Amino acid sequence: MTARLREVMRAAAQDVPTYAVHDRARAAARRTRRRTLAATAAVAVIGVLLVLWSPIGRAPGPDRAAEQPAALPDRIGVPPPGTLRVTDRPRLGQAAVLFSGGYSTGTCPFVDECDALTLVDAHTDRYRIFLTSIPEAPAGQEVVLAADGRRVAHSGGYIDDPYVRIIDLRTGQTRDVPSAIKGSGGSFPVSWSRDGRWIAVRDAISADQDGVAESILSIVDLDSGQWRRLASGPTMDGFSVAFAPDGRRFAYQVAGTVTVAALDGSTAGTSFSVSADQALGGKGAWTPDGRSLTLVERQGSDWTLRYVDPVTGAAKGGPATPAVTGMTGIRLLAWREDGSALIAAFEPRPASTTRFDRSLSLDQRTYYGEVHRVDLLALTPGGAAPTTVLSSEDGVRAIDVADDIAVTGRMRDGNPPKVFGPRFWFWTGSATVIMASVYLFRRRWEILHGPSRWQFELVRRIR
């Protein structure tokens, strides 16, 4: 290379513009970091909006709900996947309806929700679910709602530790009432007193030599925790105990015998027998004036209400209500202020064509295997036919209502939630934010440091 050529190349190199490579790299890194943070923030905002868009974000708050009087919805439906639990916030506070069933129809995407029971808010269409240790526990029979709708009781534990669990819907706290019956294989609440102080409990005892399990019926004073054993023998959950409106007496049925006794045990009870086609009507068996007990009676495919004297069991006159036809069973829940009887009507499954030809007790007739759906009917004195006041979706197989709300007769338009519940949106939004954050972090790392070793290895193997 000649001296002349070297001088020309040096002059050309001096004319080439210089670039601030380091400064530009730092500026590019800052832009990448800002974009990454902005994208992460955007994903987080989207996740939050997903949660806010869910029913929990649109549900009326306690103050707004309180402006509407407590009422029964005219329609209920199976809760959607991801529905909030009864212990989640915001608390439900007061429920108008408790029901079970629905998930057994096959619409059960989350295993732990298959045996859930559902509570419907007394003021709005907010739904809450909770789980029990007993599969297919029927509402109103083994899981019962207090008269004011602010507590719910269900069975808990098994042979080693049977108890009744009470959930306070206002606080989400639970109270366990251990069984006082020796040898109990499980305690099942069957009815609440109107003031919420007493609860009737059935304890299942080990089967005898014939394989028949014995049941022991008791009432529990929740203020003192004292148990009072009533009788042992076959019982029918949902039909076995009814507390009188005066708060001093109650009636219970064991086998074919109905007994009326004082709550405080101050007087001996009186008993009378009922036929195989009759049973104590349910928790609403006492007429509003407390002078009569109501029985449900089966006559072929018809069900009617019969009135008897609570002391002698002799037939008495009462409101002439229409018969209910084509149901596998009915249960009397309450007498409304307009004089009509509110009953749960259990529609049989299509395959149960011979249901009226079989001698089944009411608890067998209202068991899940016999029921297709359950509605609430009003039997108005002098009416020509029952009136449907609450309808349910197919698969809702058991129901209970808050007495204090049911007696008023107030109803509201029910609009069961159909979209995914808040828990679904919360976990979906959280998963979206986490995955997006991981992706954006990896992208930022690649921009600043280049592809990682495993990416080079992956490309090499693909090629």
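Data block above holds the structure.
Not measured: the values here are computed from a predicted model.

Chemist: Could you clarify how one ought to interpret the sheet that holds strand β16 (residues 257-262) in this entry?
Modeler: Backbone-to-backbone hydrogen bonds pair the strands of a sheet. The strands run either parallel or antiparallel. Read across the open sheet, the four strands follow the order β14-β15-β16-β17; overall the sheet is antiparallel. The open sheet is flanked by β14 (241-243) and β17 (270-273), the only strands paired with a single partner. With strand direction ignored, the average angle separating the axes of adjacent strands in the sheet is 15°. Note that strand β15 (residues 249-254) and β16 share six bridges and pair antiparallel. Considered in β16, the bridge of Gln-253 is made with Val-258.

Chemist: Would you take a moment to explain empty space enclosed by the protein for this structure?
Modeler: Left-over empty space is what a probe sized like a water molecule reveals as it rolls over the atoms. Using the criterion set out here, one finds one cavity of 30 Å³ or more in the structure. In terms of lining residues, the largest cavity is bounded by Gly-140, Val-144, Leu-145, Val-190, Ser-191, Trp-192, Gly-238, Lys-283, Arg-331, Leu-333, Asp-400 and Asp-403. Elements represented by at least two residues in the lining of the largest cavity include exactly β6 (144-145), β10 (184-192) and β23 (329-335). Ranked by residue count, the leading element in the lining of the largest cavity is β10, at three residues. Here the lining of the largest cavity is composed, by residue class, of five nonpolar, three polar and four charged.

Chemist: Help me understand the environment of Ser-240, please; the structure alone is not making it clear to me.
Modeler: Topologically, Ser-240 is positioned in the loop between β13 (226-232) and β14. Along the chain, Ser-240 and Ala-251 lie eleven residues apart, while their C-alpha atoms are 8.1 Å from each other. Sequence-distant contacts of Ser-240, defined by excluding residues within four places in its chain, comprise Val-190, Leu-217, Thr-235, Ala-251, Tyr-252, Gln-253 and Leu-280.

Chemist: Would you mind going over the pairing of strand β26 (residues 387-392) with me for this structure?
Modeler: A regular strand places its side chains so that they alternate between the two faces of the sheet. Pairing of strand β2 (residues 75-76) with β26 involves two bridges; the strand directions are parallel. Paired with Arg-75 across the two strands is Ser-391, which belongs to β26.

Chemist: Looking at this structure, I do not really get the pairing of β23. What am I missing?
Modeler: By the criterion of burial, β23 is predominantly enclosed, with seven of the seven residues buried. Pairing of β23 with strand β24 (residues 341-348) involves six bridges; the strand directions are antiparallel. Looking at β24, one finds that Gly-329 is bridged to Phe-346. Counted between consecutive antiparallel strands, the loop separating β23 from β24 contains five residues, among which Gly-339 sits at a positive phi close to 90°.

The rules behind the values
Residues numbered from 1 in each chain as written. Predicted model: local features only at pLDDT ≥ 70, side-chain atom pairs only at ≥ 80, totals over all residues. Heavy atoms only, no water. Pairing = 2+ DSSP bridges. Helix = DSSP H or I, 4+ residues; strand = E, 2+ residues; numbered from the N terminus. Axes fitted to C-alpha atoms, helices over the stretch in contact; angles between N-to-C directions. 1 Å grid on protein atoms, 1.4 Å probe; cavity = no way out; pocket = protein on both sides within 12 Å on 5 of 7 lines; lining within 4 Å. Points joined across faces, edges and corners; volume = space filled by probe spheres on them. Nonpolar A, V, L, I, M, F, W, Y, C, P; charged D, E, K, R; others polar. Contact = heavy atoms within 4.5 Å. Buried < 20%, exposed > 50% of the residue type's maximum accessible area, 1.4 Å probe, protein only.

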